[in-house]
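Here are the chains, one letter per residue:
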Amino acid sequence: MANFHVPDMGCGGCVSTIERVVKKLDPEARIAADLGARTVAIETPVAVEALQDALRKAGFPATLQSKA
């Protein structure tokens, strides 16, 4: 599980885009977004760097907060 801060995530459309981007990398990924905190928790075997690169390319630069 990787937890990211995504400061540019501000609406449901943003969450949908982030989910779509992550699902392209791993269709089985589990994603939980918190709009109020602007955080996304992603459970996937995909490397953190690959997730951050895909999110950045989609317009949502993300900072890793923690990884379990």
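Just so we're clear, the structure is a prediction, and the values are computed from it rather than from any experiment.

Below, the discussion takes up the environment of G36. Examined against the element boundaries, G36 turns out to sit in the loop between β2 (30–34) and β3 (39–43). Put simply, G36 and V46 are 10 residues apart on the chain and 26 Å apart in space, counted from C-alpha to C-alpha.

For the rest of this paragraph, the subject is the pairing of strand β1 (residues 2–5). Residues A2 and F4 line the buried face of β1, whereas the alternating positions N3 and H5 sit on a face that is not buried. Where β1 meets strand β4 (residues 63–67), 4 bridges bridge the pair, whose relative direction is antiparallel. Its bridge partner lying in β4, A2 is registered against K67.

Positioned with a positive phi, R38 is a non-glycine residue whose angle comes to about 55°. Judged by relative accessible area, R38 falls into the partly exposed class, the value being 34%.

Relative to the helices and strands, T44 resides in the loop between β3 and α2 (48–57). At 2.6 Å, the side chain of T44 forms a polar contact with the side chain of D26. There is a polar contact of 3.2 Å between the side chain of T44 and the backbone nitrogen of V46. Residues contacting T44, with those up to four places away along its chain left out, are D26, A29 and L51.

Calculation rules
- All residue numbers here refer to positions counted from 1 along the written sequence of the relevant chain.
- Two thresholds apply to this predicted model, a pLDDT of at least 70 for residue-level local features and 80 or more for giving and counting side-chain atom pairs, whereas whole-chain, interface and lining totals are computed over all residues.
- Only heavy atoms go into the side-chain values, all of them from the structure, while hydrogens and water stay out.
- Strands are runs of DSSP state E lasting at least 2 residues, helices are runs of H or I lasting at least 4, and numbering of each runs from the N terminus.
- A simple rule labels every residue: compare its accessible area, found with a 1.4 Å probe on the protein chains alone, to the largest value its type can have, and call it buried under 20%, exposed over 50%, or partly exposed in between.
- Paired strands, as defined in this entry, are two strands with at least two bridges between them according to DSSP.
- Any pair of nitrogen or oxygen atoms within 3.5 Å is treated as a polar contact; in protein, a donor-acceptor pairing is required on top of that, and neighbouring residues in sequence qualify only through side-chain atoms on both sides.
- The contact definition used throughout considers only heavy atoms, calling two residues in contact when any of these lie within 4.5 Å.

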